Amino acid sequence: MKLNNGLKIAIVYGSVFLGAGFASGRELLQYFVGFGRIGMWGLIVSGILFALVGWAVLTICRREEITTYSGFMKHIFGKRLGPIMEGCVAGFLFCLFAAMLAGAGATAYQAFYLPFSVGALVVGLIVFGVLCFGLDGIVKINLVLAPIMLLGGIFIGLYSFFAYTSPVFASFAGGGRMGLAWLLSAIVYGSYNLVTGVPVLAATSKFAVTKRDAMVGGLVGGGVITLLGIAMSLPLFLHYADVISLEIPFLHIAREYGSVFSALYLAVLISALLTTAACNAFAVLQWLESRGYKNKVKAAAVLCMLCFLAAHIGFSNIVIFVYPIFGFIGLFKIVSILIHACSSRKNPVK
């Protein structure tokens with residue numbers, strides 16, 4: 001079946017957010033589940049952000065005939081601030097690549113009882129091989145692994161929830177934080193994810209031929225990741241006390257349902273690790289190339305080596321301490337995008 005342009009954008013856009021932090025359950029615990037029942041509303045708030053910003057970015061790109069991320073950033077922030085914001089995004093992409101290698105190390109240790117460095121090194125070498133093939137390598141690895149991530153993630157979350165015999169919040173021990181902290185957490189989560197989501201939208205904006213394509217791409221993409229987040233959060237509520245301190249909390253849950261279920265979950269997690277790591281590393285290389293670094297193989301080798309070393313900071317530490325910093329930077333970016341989308345009427349959307 002041939003997909004229309006809007007759905008193509010939605011699938012790619014939704015896949016961007018399913019990295020190791022999401023698939024492992026670590027991000028969901030940190031930003032939503034730890035707040036208790038109200039954390040589910042936080043997921044919905046983040047989903048609305050994904051949908052509205054996605055729609056806004058595609059609308060701006062159509063209206064201004066922008067086809068590159070660099071062009072988009074210059075249009076939003078100007079010729080001086082635009083490159084600075086690009087640099088901030090490149091820094092975050094570097095941290096995300098390191099986080100994926102850290103997630104690989106944690107998975108190797110928790111799932112296969114291998115040293116942390118072995119898992120991080122193996123994924124780093126695979127990503128280096130993919131980078132040597134350039135854009136073709138990135139496209140192929142996403143086409144193969146994206147369906148595994150999206151469909152497998154939804155199935156794992158819902159099955160492990162409905163197979164449980166107790167009410168969803170019966171044994172939940174979290175949620176002691178009050179006030180609007182849950183809302184701030186949801187906004188920060190949405191913000192730092194959109195730091196990497198916007199470049200993908202700008203690159204796929206060529207598919208937004210009509211206003212409907214832009215709307216479907218943003219709204220459906222945001223809706224898919226929201227449903228997936230809810231599906232994978234429900235089991236985390238059930239097992240909160242047992243998994244709160246684990247690097248890969250969902251792996252503990254998967255093991256309770258047998259070896260076949262665990263293998264399926266590992267396939268989803270490893271797919272998320274590889275695709276996110278490869279996409280982030282490729283984006284950093286593209287940024288370096290635009291700054292005059294033309295030897296892609298050498299740059300890829302140095303990048304993979306540096307991120308391998310940075311990965312030893314630890315997966316949880318990166319998620320807890322590094323991600324929020326870029327979340328506040330992303331919030332400034334989101335506000336600017338939404339203002340431009342709502343206020344600029346000089347060139348009406350075709």
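Residues numbered from 1 in each chain as written. Predicted model: local features only at pLDDT ≥ 70, side-chain atom pairs only at ≥ 80, totals over all residues. Heavy atoms only, no water.

> What am I meant to see in the overall build of the chain here?
Tallying secondary structure elements over the chain gives 14 helices and 0 strands in all. Relative to its length of 350 residues, the chain is compact, with a C-alpha radius of gyration of 19 Å against a globular reference of 20 Å. Expressed as a percentage of the 350 residues in the chain, the buried residues total 54%. The contacts in the chain between residues at least 6 apart in sequence include a share of 85% that link residues at least 24 apart. Accessible area for the chain stands at about 15300 Å²; split by element, carbon and sulfur atoms hold 71% of it. Averaging the coordinates of the 23 positive side-chain charges in the chain and doing the same for the 10 negative ones gives two points 9 Å apart. (Helix = DSSP H or I, 4+ residues; strand = E, 2+ residues; numbered from the N terminus. Rg over C-alpha atoms; globule rule 2.2 N^0.38 Å. Buried < 20%, exposed > 50% of the residue type's maximum accessible area, 1.4 Å probe, protein only. Contact = heavy atoms within 4.5 Å. Areas by Shrake-Rupley, 256 points an atom, 1.4 Å probe, with all protein chains shown as cover. Lys, Arg positive; Asp, Glu negative; His and termini not counted. Charge placed at Lys NZ, Arg CZ, Asp CG, Glu CD.)

> Honestly, the pattern of salt bridges in this entry has me stumped. Any pointers?
Opposite charge on two side chains allows them to pair when their charged atoms are near. Taken as a whole, this structure holds 2 salt bridges when the rule is applied. The salt bridge partner of E64 is R63, with a shortest N-O separation of 3.7 Å. By relative accessible area, which is 22% here, E64 ends up partly exposed. Notably, a salt bridge pairs E289 with K296, separated by 3.8 Å at the nearest N-O pair. Accessibility expressed as a relative area gives 24% for E289, which makes it partly exposed. A residue is classified by how much of its surface remains accessible, and K296, at 47% relative accessible area, is partly exposed. (Salt bridge = Lys/Arg side-chain N within 4 Å of Asp/Glu carboxyl O.)

> Just checking my understanding: could you explain the confidence of the model for the chain for this structure?
For the chain, per-residue confidence averages 83 on the pLDDT scale, and 90% of positions sit at 70 or higher. Mean pLDDT values for the elements of the chain range from 72 in helix α7 (residues 134–162) up to 94 in helix α13 (residues 296–310). (pLDDT = per-residue confidence, 0-100.)

> Can you walk me through the packing of helix α5 (residues 69–112) against helix α6 (residues 116–132) in this structure?
The relative placement of two packed helices comes down to the angle between their axes together with the axis-to-axis distance. Contact pair α5 / α6: the axes reach a minimum separation of 6 Å and the direction vectors enclose 130°. On the basis of their axis angle, the class for α5 and α6 is oblique. By crossing handedness, the relation of α5 to α6 is classed as right-handed. In contact with F97, L101, A102, A104, G105, A106 and A108 of α5, α6 contributes F116, G119, A120, V123, G124 and V127. Residues that form the contact of α5 with α6 fall into these classes: 10 nonpolar, 3 polar and no charged. (Axes fitted to C-alpha atoms, helices over the stretch in contact; angles between N-to-C directions. Parallel < 35°, antiparallel > 145°, perpendicular 65-115°, else oblique. Left-handed = near helix turned anticlockwise from the far one by under 90°. Nonpolar A, V, L, I, M, F, W, Y, C, P; charged D, E, K, R; others polar.)

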